[in-house]
Amino acid sequence: MVSQCANPSCGEPFLYLRSGRLFALPRHNPSATHATIEYFWLCGTCAEKMEPKFGRHYHHVTLVERRKAISADGFDAACRS
């Protein structure tokens, strides 16, 4: 159950789905035939800057810097240069 922001240095309580961002990450288990889904919520402030990812062996979740989306115009310009 999600009760607060997944950023340990934040701790903002999860009250409404309308603020922040909910992430559903598959946790791969070698002994199972399918992955299980784990949910993580980041408050609006933290979700602007980071996103959760499972570590190398899916034992723990880390927060990584969010990549900024490139607009189609920016992508075309980058491809031409």
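Computed from a prediction, not measured in an experiment: that's the story for all the values here.

Rules used throughout
Residues numbered from 1 in each chain as written. Predicted model: local features only at pLDDT ≥ 70, side-chain atom pairs only at ≥ 80, totals over all residues. Heavy atoms only, no water. Helix = DSSP H or I, 4+ residues; strand = E, 2+ residues; numbered from the N terminus. Buried < 20%, exposed > 50% of the residue type's maximum accessible area, 1.4 Å probe, protein only. Contact = heavy atoms within 4.5 Å. Salt bridge = Lys/Arg side-chain N within 4 Å of Asp/Glu carboxyl O. Core = buried A, V, L, I, M, F, W, Y, C linked by side-chain atoms within 4.5 Å.

**What about the overall build of the chain?**
Part 1 of the reasoning: Secondary structure assignment for the chain yields two helices and four strands.
Part 2 of the reasoning: When its helices and strands are written in sequence order, the chain yields β-β-α-β-β-α.
Part 3 of the reasoning: By the burial criterion, 20% of the 81 residues in the chain qualify as buried.
Part 4 of the reasoning: Sequence-distant contacts in the chain: of pairs separated by 6 or more residues, those separated by 24 or more amount to 36%.

**Description of the pattern of salt bridges**
Two side chains bearing opposite charge may form a pair once their charged atoms approach each other closely.
Part 1 of the reasoning: On inspection of all chains with the given rule, the structure shows one salt bridge.
Part 2 of the reasoning: Note that Lys 53 is salt-bridged to Glu 51, the shortest N-O span being 3.6 Å.
Part 3 of the reasoning: The class for Glu 51 is buried, based on a relative accessible area of 17%.

**A look at the nonpolar core**
Among soluble globular proteins, nonpolar side chains are generally buried collectively.
Part 1 of the reasoning: Counting residues in hydrophobic clusters, the biggest one holds nine residues: Val 2, Cys 5, Phe 23, Trp 41, Leu 42, Cys 43, Cys 46, Ala 47 and Met 50.
Part 2 of the reasoning: Where this core is concerned, the elements lending two or more residues are β2 (36-42) and α1 (44-49).
Part 3 of the reasoning: Once residues lying within four places of it in the same chain are set aside, the contact partners of Ala 47 are Arg 21, Leu 42 and Arg 66.

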